[in-house]
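Residue-level structural notes
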Amino acid sequence: MGEQDTGRRRPRRVNIVPHTHWDREWYRPFQSFRMQLVDLLDGLLPELEANPAYAHFMLDGQMAVIDDYLAVRPEQRAAIRRLAASGRLSVGPWFILMDEFLASGETMVRNLRLGLDRASEYGGAMEIGYLPDMFGHIAQMPQLLAQFGFDHAVVWRGVPSVLDTEAFRWEAPDGSSVRAEYLPQGYSNGALLPDDAKELVARIDQFCSDEGPLVGDPVLWMNGTDHLLPQPWLGRVVAEANDLQDDYELVVTSLTDHLAAGRTEKLPSWLGELRSGARANLLMGVASNRTDIRQAAARTERAIERLAEPLAALFLPADGWPSGLLHEAWGFTIRNSAHDSICACSVDAVCDAVLHRYAEAGQIAEGITERALASVLAGAGGEAPAVVLNPSAGERSGLIEVVVAGDQPLPGTQVLSVRPARSGAFRTTRRSLEQFVIRAVEENTFIRDVSFDEPEDEETGRLVVTLHADGERRDHLRAGPLRARLAELAAADPDGSVDIQPLRRPTQKVLARVTALEGFSWRAWQPSALDVDPVAVTGDSTTGDGPTLANGRLTVVVDPDLATFSINGLTGLGRLVDDGDAGDTYNWSPPAEQTAIDHPESTTITVTERGPLRGRLAIDATYRWPERIDGDRRVGDVGVAVRTTLELRAGEDLLRVAVELENRSRDHRLRTWFPLPEPATTSYGECAFAVVERGLTAEGGPNEVGLATFPSRRFVSAGGLTVVHDR
């Protein structure tokens, strides 16, 4: 026999973690939710300080909750620091709980760094990768957490059905790993704690029975949910539950203490991203709604990460480093990465706020970039028509647009537009002359000289002031000498008439090809002969065959009937397919009577640029799509004009495609199809800090269809075809 049976078994420990899950903005705007947040913390802080039985509270793993509260209640800073430093209040580690697939990898790094920095002011962050409600998880999240020194993650959505224990070893493609605690029934399994001990025990019993091996020992009982206010009877009802039974030992504790007691041996392993809807809705539709927000996110993150920061580091002096401005830009971007914000599954007021924050961050990034480029230009001198800078780490070649003086053809260029020389005159008085000329010279760098022609006959003649746009900028345009001369003219005859005559030289905007330029380097540009095959455009919409773009590497032909195109003989590319969607901003939900429309009513093709450096075709197609869904059917009828622009550049193995339309149809899903050159069993897509391989199916669940339409960052590749995109 084994160990003697005493007739009593050890009670199963239940770790109760009081918390709130705080969506900063969602079905109500930020300020509305903040008023609720103020109420929550106004009640919680005194309760924690006065009631030892209320042992702990977790502020959702994000420091934004504290910052938002203290902006209204700055006098409570000391109380929060006291409670956090004593372990009664868990703060951080994130600044905000983000979406992992729609925010860039760098945004997530800055998010965690900012959260840890802010938490250090309150005694330190909870050292857990708390990821309670993200709509799936990226492959490299274990690496990100491990590099910040974390051993644990906590996850809910996305865990596949093959993982059937309370925890698993989660591995990143680089080999890093963390222990991941799974939340069966999510972060709300212990929400709305009853004010009755017997009912509480019954609920724990039911949870353990329902979830079986997914419930560990000890049991994790997450006492909280979305915007839930603390329940002050927690300590009392826990004590009563412990007194009336011996099956469970209930303890109010922290998530950190619970994970410290979790088993680490014989755990299953999972490599890569978590994108299953088996047990919890993954909400796959958030990756493709509100394309305006997707585009704004891509533009802004690129503007900060790829332009403003590296160019400022390289080309601005050390004492000119724009730390405050960058902190502000990153702050807007990180706040927008909150999953209900960047996923656009919120009310319109929230989406408006998100777009505004991206605009603010983008304006800061643009301003920093302009200053860095100005520093480059100052060092380059003024001899060349333009300076070319490569903002990427790798060597690049390609096309630039540049405005140059004159209207004569330049070797190796393609003229886009010409602005002819112009002269004209307007009249003012000598009294107003100083204000106008000084302002014109200060605001218009193209003014190179100002000349004054005094009248021969002072009674009938007029002073003529000419603003010249040619030649070198004259020294006398400095404010002091110029003001003195203008003041002298005005004093002689304040009301005398003056003709101001701007002389504008001709200019032209041209395309030019830049040969290989090393990463993060620059050089002066001068026109030179084209070093690759030119772009040729042949045919038009009236010939029966579609127009053709070719550059010696790719040949692109348009099908005028289907408004599609081919590349090197691969046909049917870019087909638009419209079908019904009765769902919301979270999920695709096809109607029972589904119809798909994959061809236009009419098509017109126009050649808009003929090379030799860039060729462009515009495909204007009209589609007839149902207006809306009524019950189980698509009904109504609306005409939608779609313009697809195809662009082929000299020297590139890439066709650029832009699709523009005004959406006049509701309740629908619009996709673009790209047939593959060869069969594929997997696809590859860029994700944060990784390229991930995916199969042809996706795991769904009882309430969600498994859609094998995966998110990607910048490119997806399968069967010999790669599609590159902004977001």
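The following refers to the structure shown. (Residues numbered from 1 in each chain as written. Predicted model: local features only at pLDDT ≥ 70, side-chain atom pairs only at ≥ 80, totals over all residues. Heavy atoms only, no water.)

Some thoughts on the overall build of the chain
Tallying secondary structure elements over the chain gives 14 helices and 37 strands in all. When its C-alpha atoms are laid out on the principal axes, the chain stretches across 120 × 70 × 50 Å. Here the chain holds 727 residues, and 48% of them are scored as buried. Counting only contacts in the chain whose residues sit at least 6 apart along the sequence, the fraction spanning at least 24 positions is 73%. Entry remark: accessible area of the chain is about 34000 Å², with carbon and sulfur atoms responsible for 49%. (Helix = DSSP H or I, 4+ residues; strand = E, 2+ residues; numbered from the N terminus. Buried < 20%, exposed > 50% of the residue type's maximum accessible area, 1.4 Å probe, protein only. Contact = heavy atoms within 4.5 Å. Areas by Shrake-Rupley, 256 points an atom, 1.4 Å probe, with all protein chains shown as cover.)

Re the nonpolar core
One broad trend across soluble globular proteins is that nonpolar side chains are buried collectively. One finds Leu-89 and Leu-250 to be the most contacted residues of the largest nonpolar core, which totals 85 residues. Dropping the residues within four chain positions of it, Leu-89 is found in contact with Leu-44, Leu-48, His-56, Phe-57, Leu-59, Ile-80, Leu-83 and Ala-84. Counting residues in each nonpolar core, the second largest holds 44 residues, with Met-58, Met-134, Val-159 and Ala-280 among its members. (Core = buried A, V, L, I, M, F, W, Y, C linked by side-chain atoms within 4.5 Å.)

Topic: the sheet that holds strand E8 (residues 219-223)
Read from one edge to the other, the open sheet built from three strands follows the order E8-E1-E9, with strand pairing classed as parallel. If you trace the sheet from one side to the other, it starts and ends with E8 and strand E9 (248-252), each paired once. Strand-to-strand twist of the sheet, defined as the mean angle between neighbouring strand axes without regard to direction, takes the value 25°. Bridge analysis of strand E1 (residues 12-18) against E8 gives five bridges, and the strand direction is parallel. Within E8, the position partnered with Val-17 by the bridge is Met-222. Helix-sheet contacts for helix H6 (residues 197-211) involve E1, E8 and E9, and the interaxial angle to E8 is about 125°. Together, E1, E8 and E9 form the strand contacts of helix H7 (residues 234-244), whose direction differs from that of E9 by roughly 160°. (Pairing = 2+ DSSP bridges. Axes fitted to C-alpha atoms, helices over the stretch in contact; angles between N-to-C directions.)

A closer look at the pairing of strand E36 (residues 715-718)
Where strand E34 (residues 683-687) and E36 come together, two bridges link them in antiparallel fashion. Paired with Tyr-684 across the two strands is Ser-717, which belongs to E36. For E36 and strand E37 (residues 721-724), the ladder comprises four bridges, and the chain directions are antiparallel. Each residue of the ladder has a partner; that of Ser-717, found in E37, is Thr-722. What sits between E36 and E37 in their antiparallel hairpin is a turn of two residues, with Gly-719 showing a positive phi close to 55°.

Regarding unusual backbone geometry
Among all residues except glycine, the phi angle is most often negative; among peptide bonds, the trans geometry is most common. Gly-92 connects to Pro-93 through a cis peptide bond whose omega is 15°. Turning to its location among the elements, Pro-93 is positioned in the loop between strand E3 (89-90) and helix H4 (105-120). Cis geometry is adopted by the peptide bond preceding Pro-612, which originates at Gly-611 and carries an omega value of 15°. Structurally, Pro-612 can be placed in the loop between strand E27 (602-610) and strand E28 (614-625). In this model, Gln-185 sits at a positive phi of 70°, which is unusual for a non-glycine residue. Tracing the chain through its elements places Gln-185 in the loop between strand E7 (177-182) and H6. According to the relative accessible area criterion, Gln-185 is partly exposed, its value standing at 38%.

Comments concerning the packing of aromatic side chains
According to the stated counting rule, one finds five aromatic pairs in the structure shown. Centre to centre, the rings of Phe-207 and Trp-221 are 5.6 Å apart; their planes meet at 75°, and the pair counts as edge-to-face. You can see Phe-207 sitting in helix H6 and its partner Trp-221 sitting in strand E8, a full 14 residues away along the chain. Relative accessible area serves as the criterion here: at 3%, Trp-221 is assigned to the buried category. Look at Tyr-623 and Trp-625: their rings are 5.6 Å apart centre to centre, the planes differ by 35°, and that puts the pair in the tilted class. (Phe/Tyr/Trp six-rings, centres within 6.5 Å; stacked < 30°, edge-to-face > 60°.)

Some remarks on the sheet that holds strand E4 (residues 129-131)
Strand order across the open sheet formed by five strands is E4-E5-E7-E6-E10, with mixed pairing between neighbours. Each end of this open sheet is capped by a strand with a single partner; those strands are E4 and strand E10 (269-271). Across the sheet, the mean angle separating the axes of adjacent strands is 25° when strand polarity is ignored. As paired elements, strand E5 (residues 152-155) and E7 share four bridges and run parallel to each other. In the sheet register, Ala-153 faces E7, and the bridge partner there is Ala-180.

Some thoughts on the side chain of Asp-99
Following the sequence through the fold, Asp-99 ends up in the loop between E3 and H4. This buried residue, Asp-99, is left without a salt bridge; Arg-275 holds the nearest opposite charge, at 7.1 Å. Polar side-chain contacts of Asp-99 include one of 3.0 Å to the backbone nitrogen of Phe-101. Among all residues touching Asp-99, those that are not within four sequence positions of it are Phe-135, Ser-337, Ala-338, His-339, Ile-342 and Cys-343. (Lys, Arg positive; Asp, Glu negative; His and termini not counted. Salt bridge = Lys/Arg side-chain N within 4 Å of Asp/Glu carboxyl O. Polar contact = N/O pair within 3.5 Å; in protein donor to acceptor, adjacent residues only side chain to side chain.)

Some thoughts on the state of the cysteines
According to the stated counting rule, one finds zero disulfides in the structure shown. Not engaged in a disulfide, the cysteine Cys-351 finds its nearest cysteine sulfur in Cys-345; these two sulfurs lie 8.3 Å apart. A disulfide-free cysteine, Cys-687 has its sulfur positioned 13 Å from the sulfur of Cys-343, the nearest such atom. (Disulfide = S-S within 2.5 Å.)

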